Amino acid sequence: MSRFRKVFAVALVMAATAGAAEAGRLGLGREALPEEVAAWDIDIRPDGQGLPPGKGSVKEGEALFLEKCAACHGEFGEGAARWPVLAGGFGSLKSAAPEKTIGSFWPYASTTFDYIRRAMPFGQAQTLTDDEVYALVAFLLSMNDVVKDDFVLSRDNFTSVKLPNESAFYLDDRETTEKHFWRKDPCMTACKDKVEITGRARVIDVTPDDKDKSMKVE
């Protein structure tokens, strides 16, 4: 393409964009189709809104977990290598090495359902049926001693499930409780007479061990 044609093409694009901007639009892309919006609009709220029809038992979930999840999360949700731990950790949140599992930390069962449905199994996201997601959530709740081994989870009884740490979560109240800290001109230099180290990453085991070959990138 000659220099003249390039300049002319750029001028046309700029003119089209300017015209679209004047109309309140950038002139890029297109409106999402209803089916495209529906594919992403799958979030689940703590009050159960968004839950699909379906059900699944702890027993069914155990078989699915061993087949599709245990390779990363361990057979008992203990986590394989450095993959996330899903069960246990009760009473550990105030310790030097807290385990933020479904039973020890998560506030709502809907978080578990939403994440599994949206992103798991790793590398095969959204391949599970709704019944399979219900079953997996039921099994994870059972492993965390939230429900009994004969429990069947469904849309009808979902909101009756209460996780142990729900009461420790509350709405963000910084606009009232921390407003007295807000300043128009905050201090940026020499704001404190003495700086102290209050914790180290090694204590809470967030620094990978050089001997851990699973963390090395070839």
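Above this text sits the structure in question.
Here's what I pulled together on the structure shown here. (Residues numbered from 1 in each chain as written. Predicted model: local features only at pLDDT ≥ 70, side-chain atom pairs only at ≥ 80, totals over all residues. Heavy atoms only, no water.)

Section: the overall build of the protein chain
Okay, so step 1: The helix and strand tally for the protein chain stands at seven helices and two strands.
Okay, so step 2: Counting only contacts in the protein chain whose residues sit at least 6 apart along the sequence, the fraction spanning at least 24 positions is 57%.
Okay, so step 3: Roughly 16600 Å² of accessible area belongs to the protein chain as shown, and the carbon and sulfur atoms make up 56% of that amount. (Helix = DSSP H or I, 4+ residues; strand = E, 2+ residues; numbered from the N terminus. Contact = heavy atoms within 4.5 Å. Areas by Shrake-Rupley, 256 points an atom, 1.4 Å probe, with all protein chains shown as cover.)

Regarding the side chain of serine 104
Okay, so step 1: Assignment of secondary structure puts serine 104 in the loop between helix 4 (70-73) and helix 5 (109-119).
Okay, so step 2: Within the structure, serine 104 has its side chain in polar contact with the backbone oxygen of glutamate 99 (distance 2.4 Å).
Okay, so step 3: Only 3.0 Å separates the side chain of serine 104 from the backbone nitrogen of threonine 101, close enough to count as a polar contact.
Okay, so step 4: Discounting residues that sit within four places of it in the chain, serine 104 has contacts with Gly88, Gly89, Phe90, Leu93, Glu99 and Asn165. (Polar contact = N/O pair within 3.5 Å; in protein donor to acceptor, adjacent residues only side chain to side chain.)

Some words on the environment of glycine 61
Okay, so step 1: Within the secondary structure, glycine 61 sits in helix 3 (residues 58-68).
Okay, so step 2: Classification of glycine 61 by relative accessible area gives buried; the value is 0%.
Okay, so step 3: For the pair glycine 61 and alanine 135, spaced 74 residues apart in the sequence, the C-alpha separation amounts to 4.2 Å.
Okay, so step 4: Non-local contacts of glycine 61, meaning those with residues more than four positions away in its chain, are made with Ala135, Leu136 and Phe139. (Buried < 20%, exposed > 50% of the residue type's maximum accessible area, 1.4 Å probe, protein only.)

Overview of the state of the cysteines
Okay, so step 1: If you walk through the whole model with that rule in mind, you get one disulfide.
Okay, so step 2: Here cysteine 187 pairs with cysteine 191 through a disulfide, and the sulfurs are 2.0 Å apart. Given an S-S torsion of about -105°, the disulfide between cysteine 187 and cysteine 191 has left-handed geometry.
Okay, so step 3: A residue is classified by how much of its surface remains accessible, and cysteine 187, at 39% relative accessible area, is partly exposed.
Okay, so step 4: Distance from the sulfur of cysteine 69, which forms no disulfide, to the nearest cysteine sulfur (cysteine 72) is 8.6 Å. (Disulfide = S-S within 2.5 Å.)

Overview of the pattern of salt bridges
Okay, so step 1: Throughout the structure, instances matching the rule amount to six salt bridges.
Okay, so step 2: Among the salt bridges present, the one from aspartate 47 reaches arginine 45, with a minimum N-O distance of 2.4 Å.
Okay, so step 3: Owing to a relative accessible area of 45%, aspartate 47 belongs among the partly exposed residues under this scheme.
Okay, so step 4: For aspartate 172, the salt bridge goes to arginine 174, with nearest N and O atoms at 2.5 Å.
Okay, so step 5: Arginine 174 sits in the partly exposed class, given a relative accessible area of 45%. (Salt bridge = Lys/Arg side-chain N within 4 Å of Asp/Glu carboxyl O.)

Comments concerning the packing of helix 3 against helix 6 (residues 130-143)
Okay, so step 1: The contact between helix 3 and helix 6 brings their axes to 7 Å, and the two run at 95°. Classed by the angle they form, the pair helix 3 and helix 6 counts as roughly perpendicular. Between helix 3 and helix 6, the residues in contact are Val58, Glu60, Gly61, Glu62, Leu64 and Phe65 and Glu132, Ala135, Leu136, Ala138, Phe139, Leu140, Ser142 and Met143, respectively. (Axes fitted to C-alpha atoms, helices over the stretch in contact; angles between N-to-C directions. Parallel < 35°, antiparallel > 145°, perpendicular 65-115°, else oblique.)

Some details on the environment of aspartate 145
Okay, so step 1: Along the chain, aspartate 145 falls in the loop between helix 6 and strand 2 (152-154).
Okay, so step 2: We classify aspartate 145 as exposed; its relative accessible area is 63%.
Okay, so step 3: For the pair aspartate 145 and alanine 87, spaced 58 residues apart in sequence, the C-alpha separation works out to 9.0 Å.

As for the packing of aromatic side chains
Okay, so step 1: Applying the stated rule across the entire model yields five aromatic pairs.
Okay, so step 2: Joined through ring pairs, the aromatic side chains of Phe113, Tyr134 and Phe158 make up one cluster. (Phe/Tyr/Trp six-rings, centres within 6.5 Å; stacked < 30°, edge-to-face > 60°.)

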